[in-house]
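Each chain, written out:
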Amino acid sequence: MHNYSIINSKMRITVISTIAIISAYVALVLNLYLEVLSTNIPMTMYLLPLSPFILFGILYYFFDIFLWKLKPINKLLEIPDISGAWKGEGQTTYNNSKPTKFNVELNIKQTFSRIIIDGKFYQSYSESINASVDCSNPLRRKLVYSYTNKPQATTTKTMQNHIGTVELCLNEKSTKLEGNYFTNRKPLTSGTLKLLKK
């Protein structure tokens, strides 16, 4: 998985700052409690003070993996959860030929800070190398990513390793992705993608 950016959003800074403040406060309270406890129960004096940095790491880990996906929190963040399996159809032009349709499967794993987009096609597979989510228009949120594509060993000679860029728009219910892609294949190719969440 790799990092992804969130365009026109300061939410990550806000989240990190909030978790840092909570960590410092909780660590302070717990350490004061341990100090009081050690006067009544001698054995507790050997307990090490709780570091706010360790607490921050624990809280951020759970937020990054799990908490950000909870509906009440996710609604405040306004960052779409696009993880899961997507299936649909693409249409491409190769060498200015007649548009050709093909099946597409995308498997997306996403946390609050990281993402990977794995594509499966008839004769090849792809893997994202960077990505961004644009939430500036809540009615037309976008997923933009670059990828590397590798053909299967049994494919024809016309297939070749290449890189490309995809721009997909996400509907309001986060159930449909639709957009365009462009590649650096020779000759250059482009096309459209339409996918529904399984």
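Look up: the structure comes first, before these words.
Residues numbered from 1 in each chain as written. Predicted model: local features only at pLDDT ≥ 70, side-chain atom pairs only at ≥ 80, totals over all residues. Heavy atoms only, no water.

Draft legend 1. Highlighting a nonpolar patch on the surface. Taken together, the side chains of Ile54, Ile58, Tyr61, Phe62, Phe66, Leu67 and Leu70 make up a nonpolar region of the molecular surface, amounting to roughly 680 Å² of accessible area. Along the chain, Phe66 falls in the loop between helix H2 (52-65) and helix H3 (71-77). Overall, the relative accessible area of 46% leaves Phe66 in the partly exposed class. (Patch = residues over 30% accessible without salt bridge, like charges linked within 9 Å, V, L, I, M, F, W, Y side chains within 5 Å. Areas by Shrake-Rupley, 256 points an atom, 1.4 Å probe, with all protein chains shown as cover. Salt bridge = Lys/Arg side-chain N within 4 Å of Asp/Glu carboxyl O. Helix = DSSP H or I, 4+ residues; strand = E, 2+ residues; numbered from the N terminus. Buried < 20%, exposed > 50% of the residue type's maximum accessible area, 1.4 Å probe, protein only.)

Draft legend 2. Focus on H2. With 14 residues, H2 should cover 20 Å at 1.5 Å per step; its first-to-last C-alpha distance of 20 Å lies within 8% of that length. Within H2, the full set of buried residues consists of Leu55, Tyr60, Phe63 and Asp64. Summarising the axial view, the buried residues of H2 lie within an arc of 155 degrees, below the 170-degree limit, and thus occupy one face. With a side-chain oxygen positioned 3.2 Å from the backbone nitrogen of Phe53, the residue opening H2 is Ser51. (Expected span 1.5 Å × (residues − 1). Arc of directions from axis to C-beta. Polar contact = N/O pair within 3.5 Å; in protein donor to acceptor, adjacent residues only side chain to side chain.)

Draft legend 3. Looking closely at the pairing of strand E6 (residues 141-151). Across 10 bridges, the pairing between strand E5 (residues 124-134) and E6 is antiparallel. Each residue of the ladder has a partner; that of Ser128, found in E6, is Tyr147. The turn joining E5 and E6, which pair antiparallel and follow one another in sequence, is formed by 6 residues. In this sheet, strand E7 (residues 162-170) lies alongside E6 in antiparallel orientation, the contact comprising 9 bridges. Within E7, the position partnered with Val144 by the bridge is Glu167. (Pairing = 2+ DSSP bridges.)

Draft legend 4. Examining the pattern of salt bridges more closely. Counted by the stated rule, this structure contains 2 salt bridges. Between Lys176 and Glu178 there is a salt bridge whose closest N-O contact spans 3.5 Å. When its relative accessible area of 33% is taken as the criterion, Glu178 is described as partly exposed.

Draft legend 5. Looking closely at unusual backbone geometry. A positive phi angle, near 60 degrees, is found at Glu78, a position not held by glycine. As for its position among the elements, Glu78 is in the loop between H3 and strand E2 (84-93). The exposed category is assigned to Glu78, whose relative accessible area is 58%. Notably, Ser174 is not glycine yet its phi reads approximately 60 degrees, a positive angle. Relative to the elements of secondary structure, Ser174 occurs in the loop between E7 and strand E8 (176-183). Residue classification places Ser174 among the buried positions, given a relative accessible area of 16%.

Draft legend 6. Representation of the packing of aromatic side chains within the structure. A complete count under the given rule lists 8 aromatic pairs for this structure. For the ring pair Phe56 and Tyr60, a centre distance of 6.0 Å and an interplane angle of 15 degrees mean the geometry is stacked. Taken together, the positions of Phe56 and Tyr60, both in helix H2 and 4 residues apart, correspond to about one turn of that helix. Classification of Phe56 by relative accessible area gives partly exposed; the value is 25%. (Phe/Tyr/Trp six-rings, centres within 6.5 Å; stacked < 30°, edge-to-face > 60°.)

Draft legend 7. Representation of the pairing of strand E3 (residues 100-110) in the model. The sheet contact formed by E2 and E3 spans 9 bridges and is antiparallel. The residue bridging Gly88 from the neighbouring strand is Val104, located in E3. The pairing of E3 with strand E4 (residues 114-120) spans 6 bridges and is classified as antiparallel. Bridge pairing in E4 places Asn107 opposite Asp118. Remark: 3 residues form the turn of the hairpin made by E3 and E4, two consecutive strands paired antiparallel.

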